[in-house]
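This is what each chain is made of:
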Amino acid sequence: LSAPEAKFQISFKGRLWTTDDRRWGVWAAYTQQNQWQVYNGDVSRPFRETNYMPELLVSYRPDVDIGGGFRWGVVNAGYNHQSNGRADVLSRSWDRIFAEFGVERDSLMITGRLWYRLKPDASDDDNPDITDYYGSGAIAALYRWRGNSFSIGGRGNLRTGKGAVQAAWTSPPFLGPLRGYVQVFSGYGESLIDYNWKQTTIGAGVALSDGL
């Protein structure tokens, strides 16, 4: 393997049901992330890792003023499954139930998420210590300024002291919906196969949205 590689992510979400006022809704979502050794001609440019994550969630929009200029905009609860679709010994997967919230003030959005892992039988567990590295929660913030978006987020396990932090800048659209994108990641679990490997990466490319 070579250190430089391409990373790309495809995500989409669709509403399955909603109330007339659209404050309650049921959504399905899917995210796929790929690590591609596209610059490594010596080993025929393989995909090093592909992660698949379907989700089902219930969403509510309280739209409540909580003080300090902040409004409580959304609360979600749901289930997700994440796996890399590979055979032993490279198989990685886990299932979670989660709850998350989002508050906003002017151009600032803050989100938090807590999750609980649904453990399989020990004989079927590909990664029994995964929460030691991914933790049980995450927090992130996004700020928009003059068409630019700046984001930072982190997750971790307070007991083990392991986790990850990620920061990104997204430019205003420059070609249709395309935006410039720079991302820095440091910690564990940039992909499932790397869940217990600490690394620091920096990347630049294009994005279709700023993450919201």
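Just so we're clear, the structure is a prediction, and the values are computed from it rather than from any experiment.

The secondary structure content of the chain amounts to one helix and 12 strands. Its helices and strands in sequence order give the chain the pattern β-β-β-β-β-β-β-α-β-β-β-β-β, from N to C terminus. The C-alpha radius of gyration of the chain comes to 18 Å, within 12% of the 17 Å expected for a compact globule of 212 residues. The C-alpha extent of the chain, read off along each of the three principal axes, is 55 × 45 × 35 Å.

Inspection of the entire model under this criterion finds eight aromatic pairs. Between F8 and F47, the aromatic rings sit 6.2 Å apart at their centres with planes inclined by 80°, giving edge-to-face as the arrangement. Residue F8 is found in strand β1 (residues 6-18), and its partner F47 is found in strand β3 (residues 47-60); the two are separated by 39 residues along the sequence. In this structure F8 comes out as partly exposed when scored by relative accessible area, which is 32%. The class for F47 is partly exposed, based on a relative accessible area of 44%. Grouped by ring-pair contacts, the aromatic residues F8, W36 and F47 constitute a single cluster. Cation over ring: K13 sits above W27, and NZ or CZ is 4.8 Å from the ring centre. For R113, the ring lying beneath its charged end belongs to F98, and the centroid distance is 3.9 Å.

Before going further, it helps to examine unusual backbone geometry. Omega for the peptide link from D88 to V89 comes to 5°, which places this bond in the cis form. Relative to the helices and strands, V89 resides in the loop between β5 (70-83) and β6 (93-105). One non-glycine residue, R45, lies in the positive phi region at around 55°. Tracing the backbone through its elements, the reader meets R45 in the loop between β2 (24-36) and β3. Note on R45: relative accessible area 43%, which makes it partly exposed. Although it is not a glycine, D63 adopts a positive phi angle of roughly 50°.

To continue, consider the side chain of R96. Within the secondary structure, R96 sits in strand β6. Among all residues touching R96, those that are not within four sequence positions of it are M53, G78, Y79, N80, Q82, W115, Y116, R117 and L118.

Time to look at the pairing of strand β11 (residues 178-188). Along any regular strand the residues' side chains alternate between the sheet's two faces. As judged from the nine bridges shared by strand β10 (residues 162-175) and β11, these two strands associate in the antiparallel manner. Looking across to β11, one finds that P173 is bridged to R179. Between β10 and the antiparallel strand that follows it, β11, lie two residues; G176 among them carries a positive phi value of about 60°. Across 10 bridges, the pairing between β11 and strand β12 (residues 198-207) is antiparallel.

To continue, consider the nonpolar core. With 11 residues, the main nonpolar core is built from W27, L57, W94, F98, W115, I130, Y133, Y134, Y188, L192 and Y195. When residues in this core are grouped by element, the largest group, three residues, is from helix α1 (residues 130-134). Look past the residues within four positions of W27 in its chain and what remains in contact with it is K13, G14, R15, L16, E55, L56, L57 and S59.

What follows covers the pattern of salt bridges. Pairing is possible between side chains that carry opposite charge, provided their charged atoms lie close to one another. As enumerated under the stated definition, the model contains 10 salt bridges in all. The closest approach of N and O atoms between R48 and D194, which form a salt bridge, is 3.3 Å. Here R48 is found in strand β3, whereas its partner D194 is found in the loop between β11 and β12, with 146 residues between them in sequence. Of the two residues, R48 and D194, neither departs from the other in class, the shared state being buried.

Definitions and limits used
- Residues numbered from 1 in each chain as written.
- Predicted model: local features only at pLDDT ≥ 70, side-chain atom pairs only at ≥ 80, totals over all residues.
- Heavy atoms only, no water.
- Helix = DSSP H or I, 4+ residues; strand = E, 2+ residues; numbered from the N terminus.
- Rg over C-alpha atoms; globule rule 2.2 N^0.38 Å.
- Phe/Tyr/Trp six-rings, centres within 6.5 Å; stacked < 30°, edge-to-face > 60°.
- Buried < 20%, exposed > 50% of the residue type's maximum accessible area, 1.4 Å probe, protein only.
- Lys NZ or Arg CZ within 6 Å of the ring centre and 35° of its normal.
- Contact = heavy atoms within 4.5 Å.
- Pairing = 2+ DSSP bridges.
- Core = buried A, V, L, I, M, F, W, Y, C linked by side-chain atoms within 4.5 Å.
- Salt bridge = Lys/Arg side-chain N within 4 Å of Asp/Glu carboxyl O.

No statement about biological role is implied by the geometric values presented.
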